[in-house]
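# An overview of the molecular structure
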Amino acid sequence: MNILPRHSLLEFNTLAVTAVAEYFVQVSSDQEIVECLAFSKKNNLAVKVLGGGSNVVMNEFIPGLVVQFCAQDCSVIKETEQSVVVKVQAGFNWHDFVLYSLSQDWYGIENLAYIPGHVGAAPVQNIGAYGVEVKDCIQAVNGIYLDSGEAFRLLAHECDFAYRESCFKQALNGRVLITSVEFLLSKIPDVQVSYSPLNQMSAEKGLPTPSELAQWVIEVRQAKLPDPKILPNAGSFFKNPVVSHLEFDKLIERFPAMPNYPQQNGVKLPAGWLIDQLGYKGKRFGPVSVHKLQALVLVNQGGAGKDVIAAANQICKAVQERYGIVLEQEPRLFN
Ligand code: FAD
Ligand code: NAP
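Structural notes, computed from the coordinates. Remember, it's a predicted structure, so these values are computed and weren't measured experimentally.

Turning next to the sheet that holds strand E18 (residues 288-290). The strand order E13-E19-E18-E17 describes an open sheet built from four strands, whose pairing is antiparallel. Of all strands in the sheet, those with a lone pairing partner are strand E13 (233-236) and strand E17 (284-285), marking the two edges. Pairing between E13 and strand E19 (residues 297-300): two bridges, direction antiparallel. For serine 236, the partnering residue across the bridge sits in E19 and is valine 297.

A separate point is the site of ligand 1. If you check the shell around ligand 1, you find 29 residues, and the closest are Val49, Gly52, Ser54, Asn55 and Arg221. Between ligand 1 and asparagine 55, the relevant distance is 2.7 Å, taken from an oxygen atom to a main-chain nitrogen or oxygen of the residue. Glutamine 125 places a side-chain nitrogen or oxygen 2.9 Å from an oxygen atom of ligand 1. Contributing elements (two or more residues each) for the shell around ligand 1: strand E3 (47-50), strand E8 (128-129), strand E12 (176-186) and E13.

It is worth spelling out the site of ligand 2 at this point. Residues in close proximity to ligand 2 total 17 residues, the closest being Arg164, Lys224, Lys268, Gln294 and Glu330. A distance of 2.9 Å separates an oxygen atom of ligand 2 from a polar backbone atom of tyrosine 130. Within the side chain of lysine 268, one N or O atom sits 2.4 Å away from an oxygen atom of ligand 2. At the level of secondary structure, the elements contributing two or more residues to the shell around ligand 2 comprise E8, helix H4 (210-224) and E13. Considered class by class, the residues forming the shell around ligand 2 number seven nonpolar, five polar and five charged.

Turning to the environment of phenylalanine 61, a few remarks are in order. Assignment of secondary structure puts phenylalanine 61 in strand E5 (residues 61-69). With relative accessibility at 37%, the residue phenylalanine 61 sits in the partly exposed group. Between the C-alpha atom of phenylalanine 61 and that of phenylalanine 334, which follows or precedes it by 273 residues, the distance is 9.7 Å. Each residue touching phenylalanine 61, except ones within four places of it in the same chain, is listed here: Arg6, Val20 and Glu22.

With that settled, the discussion passes to the packing of helix H3 (residues 198-205) against H4. It is the contact of H3 with H4, at a shortest axis distance of 11 Å, that shows an interaxial angle of 125 degrees. Judged by the angle between their axes, H3 and H4 are oblique. Crossing of H3 over H4 shows right-handed handedness. The residues of H4 that touch H3, namely those facing Leu198, Met201, Ser202 and Lys205, are Leu213, Trp216, Val217 and Val220. For the contact of H3 with H4, the residue count by class is six nonpolar, one polar and one charged.

So, on to helix H1 (residues 30-42). In an α-helix, one turn spans 3.6 residues; hence positions three or four apart end up facing the same way. Relative to the 18 Å expected for 13 residues at 1.5 Å per residue, H1 spans 19 Å between its end C-alpha atoms, a close match to the ideal helical length. Restricting attention to buried positions, one finds in H1 the residues Glu32, Ile33, Cys36, Leu37 and Ser40. Taken down its axis, H1 places every buried residue within 140 degrees of arc, on the same side. Residues of H1 that are exposed and angled more than 90 degrees away from the buried face: Lys41 and Lys42. Where the residues of H1 are buried, they touch strand E2 (20-27), E3, E5, strand E10 (138-145) and E12. Looking one or two residues past H1, asparagine 44 carries a phi angle of roughly 55 degrees, positive in sign.

The rules behind the values
- Residues numbered from 1 in each chain as written.
- Chains lettered and ligands numbered in written order.
- Predicted model: local features only at pLDDT ≥ 70, side-chain atom pairs only at ≥ 80, totals over all residues.
- Heavy atoms only, no water.
- Pairing = 2+ DSSP bridges.
- Helix = DSSP H or I, 4+ residues; strand = E, 2+ residues; numbered from the N terminus.
- Near = heavy atom within 4 Å.
- Polar contact = N/O pair within 3.5 Å; in protein donor to acceptor, adjacent residues only side chain to side chain.
- Nonpolar A, V, L, I, M, F, W, Y, C, P; charged D, E, K, R; others polar.
- Buried < 20%, exposed > 50% of the residue type's maximum accessible area, 1.4 Å probe, protein only.
- Contact = heavy atoms within 4.5 Å.
- Axes fitted to C-alpha atoms, helices over the stretch in contact; angles between N-to-C directions.
- Parallel < 35°, antiparallel > 145°, perpendicular 65-115°, else oblique.
- Left-handed = near helix turned anticlockwise from the far one by under 90°.
- Expected span 1.5 Å × (residues − 1).
- Arc of directions from axis to C-beta.

Below is the structure:
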């Protein structure tokens, strides 16, 4: 373990903003976490946990000790004819885990292929895509409280999972380091193709196997989303807002073409469409621009975290003025 002072995090965030951590360390065991916590206590440093940096907007200087947990073990802890429970350490790359699961004929997360980041961050915002959320396959989340160094194990129903939400963004925000996640995966294929364009593809080609479905998802995402290595970004910059039925009735009168998805608690509206209708695809805000194919993605070309936030604020303001809807930012501030 090597605690590095004044370490650049440029390579550690997919928005590629310039950022320096007061201290930075990569750890791979519970023992090393304990040593880090002792170091932070002794030097009065706040501890900040980083995964793959694909859902954060970093400040130029990040005081305290930034810790990245890199352990990548994966082991079966229970198996039946129908299912398997697999415990995966937080440093495992998410997409590699999806591919590994498919290679073992374990199913349930194929729609979540090609999402960047680490397994440890997946429960934080309850990652989701194409009608599947990771909460549906999580049995438990294990970790360590940063203040006491004590271990915890939370069952899925204790994690307060919701749309892009969990207790790790709320009550436990900034207070834990997730060390591993236990997934309950099925051995029986049951593909989810309700979302476009997967439904059209299956109407044309027939119902896919889970591996074929993952391949479709990869191809669609590669065609639509910018590769952060080429055009630095943090995925969708805003959550899709859910408005009340009353609010929706008023909106649809004014904007009859507005796509909408009824939910239990209201109607979900695609934030990308709201932004696109303002004519913002490709629009530049200094070094930050709205992606030309996907209006929900902000691309950073040489800007700092504050430039990204300034662009996001201008977009929010325009959306609020046009539709009366306040967009909520998805990537977390890392400061
Ligand atoms: P980071 O960005 O490093 O961290 C995110 C937050 O989690 C931070 O607050 C951090 O402190 C916390 N955190 C990270 N690891 C731990 C840990 N071990 N313990 C405690 N806290 C931790 N998201 C989706 O939901 N669906 C998508 O389809 C999707 N597509 C994307 C496409 C692109 C091109 C990009 C760039 C991003 C996309 N995202 C998507 C967002 C992002 O990939 C996910 O949220 C991912 O889970 C973040 O993982 P990470 O390891 O990079 O987390
Ligand atoms: P899209 O197909 O253009 O659709 C726009 C939005 O409408 C989606 O975000 C989705 O909300 C919603 N939607 C579409 N079909 C729906 C249905 N049948 N029922 C309910 N809601 C529906 O989306 P996209 O940008 O290409 O992304 C495809 C998928 O990948 C989406 O699920 C999206 O969330 C996910 N994704 C997420 C990120 C991220 O960073 N968070 C980045 C890229 C893609 P949902 O958000 O609820 O799915």
